[in-house]
Amino acid sequence: QRQHQPAPKLTDAFQQLLTSWLTVEQALPKSQRRTAQRLFEGLQAEGYLGSYDGVRRFVKRWKASSTRPSVSQAFVPLRFAPGEICQFDWSHEQVDINGASQRVKVAHFRLVYSRQMFVVAYPRETQEMLFDAHNRAFAFFGGVPQRMVYDNLKAVVQTILIGKARQFNPRFMALANHYLFEPVACTPASGWEKGQVENQVGNIREWLFTPKPRFASLADLNDWLARRCQELASRPHPAEDRPIATVFAEEQAALRAIVAPFDGYLEEILRVSSTCLVRVDYNRYSVPADFAGKAVSVRLSADRLRIVHDLQTIAEHPRQFGRNQLVCDPWHYLPVLEKKPGAL
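Residues numbered from 1 in each chain as written. Predicted model: local features only at pLDDT ≥ 70, side-chain atom pairs only at ≥ 80, totals over all residues. Heavy atoms only, no water.

Comments concerning the pairing of strand E7 (residues 182-185)
Here is the key point about a regular strand: its side chains alternate between the two faces of the sheet.
Then comes step 1: Of the two faces of E7, the one holding Pro-183 and Ala-185 is buried and the one holding Glu-182 and Val-184 is not buried anywhere.
Then comes step 2: In this structure, strand E4 (residues 147-150) lies alongside E7, joined through four bridges in parallel fashion. Within the sheet, the bridge partner assigned to Met-148 lies in E7 and is Pro-183. (Buried < 20%, exposed > 50% of the residue type's maximum accessible area, 1.4 Å probe, protein only. Helix = DSSP H or I, 4+ residues; strand = E, 2+ residues; numbered from the N terminus. Pairing = 2+ DSSP bridges.)

Structure, rendered in structure tokens:
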């Protein structure tokens, strides 16, 4: 085997540039470091005309000389039936939304048999976001698997008992019972029990979030992520000589049909102020003036806020995630303005 592979196009100037990039990025979190492919594309922008292999070998040598060798682990190969298992995980990614850098929480789903993936981004990693992510994922897959595998998230697991026994969150169990899937929680600190989705987190970070994507809104980002999940399904399946999309089409027949989406909201009882407002997450939302001083039910979903009284929805607003924002419907104050027109 050749001991030294020449790379005539990778001149000293390009090697110094690569070294400076690698040195700077070594101090960054692993999620923000560029892969050899991204470094190669950066060199091309600087005028590099050589091959990718030369860059890959240089990066490999540099990392081998600056990092400790890792200890390999051994695992048992597993096989699953179509529609049997879907794995779930969260990751944190950096994006540019409307010109501002923002850290989003990305929900990852992975059908184990077909390797079909689905990802969706949220501003927070809360239970109502988890519910919305399941609704979107099952709609994308066209059905529900038999079992879902999770970490021991607080939104999912209420108490960790002996062995694999868990006491699941009651509100989460309402979701599981609605879709009729069995939730399974991993052993703490044993990520290999859902290794496919753990690997997917790193792949998605490299493929879709490096370099940092830019979008006008979170909705535009999620539309793009759904399209990219469909496009990535054209890649070959790692265990079969077929594309992932072909195997996924076979697995869809084994998924349980969706009767209706789950109404995944969190409920809180609040009293309407004299200024016809309720305060939720440091923001204020208007309520019709007739309900001033009364207790109402505020139902929070991923992107909407509904205000309910006597089982009737009396107000609905887009949910805000900043602070000290006022979401006001002027029609809510019409009875007050009739008595106090000067307030207009």
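Examining the packing of helix H6 (residues 195-208) against helix H7 (residues 218-232)
Then comes step 1: Running from N to C, H6 and H7 point in directions that differ by 110°, and their axes come no closer than 12 Å. With respect to H7, the axis of H6 lies roughly perpendicular. Facing Ile-204, Trp-207 and Leu-208 of H6, the residues of H7 in contact are Trp-224, Leu-225, Arg-228 and Leu-232.
Then comes step 2: Each residue belonging to the contact of H6 with H7 can be placed in one class, and the counts come to six nonpolar, no polar and one charged. (Axes fitted to C-alpha atoms, helices over the stretch in contact; angles between N-to-C directions. Parallel < 35°, antiparallel > 145°, perpendicular 65-115°, else oblique. Contact = heavy atoms within 4.5 Å. Nonpolar A, V, L, I, M, F, W, Y, C, P; charged D, E, K, R; others polar.)

Some thoughts on the sheet that holds strand E11 (residues 283-286)
What links the strands of a sheet is backbone hydrogen bonding, and the strands pair in either a parallel or an antiparallel sense.
Then comes step 1: An order of E10-E11-E15 is seen for the three strands of this open sheet, with the pairing classed as mixed. Here the strands that pair on one side only, and so sit at the sheet edges, are strand E10 (277-280) and strand E15 (326-327).
Then comes step 2: Across four bridges, the pairing between E10 and E11 is antiparallel. Considered in E11, the bridge of Leu-277 is made with Ser-286.

Things to note about helix H8 (residues 244-252)
Then comes step 1: By the burial criterion, the buried members of H8 are Ile-244, Val-247, Phe-248 and Glu-251. All buried residues of H8 project into a common sector of 105° when viewed along the axis, lining one side. (Arc of directions from axis to C-beta.)

Observations concerning the packing of aromatic side chains
Then comes step 1: Applying the stated rule across the entire model yields 18 aromatic pairs.
Then comes step 2: Positioned above the aromatic ring of Trp-21 is the side chain of Arg-34, whose terminal nitrogen or guanidinium carbon lies 4.6 Å from the ring centre.
Then comes step 3: The ring of Tyr-265 carries the charged tip of Arg-171 above its face, separated from the ring centre by 4.9 Å. (Phe/Tyr/Trp six-rings, centres within 6.5 Å; stacked < 30°, edge-to-face > 60°. Lys NZ or Arg CZ within 6 Å of the ring centre and 35° of its normal.)

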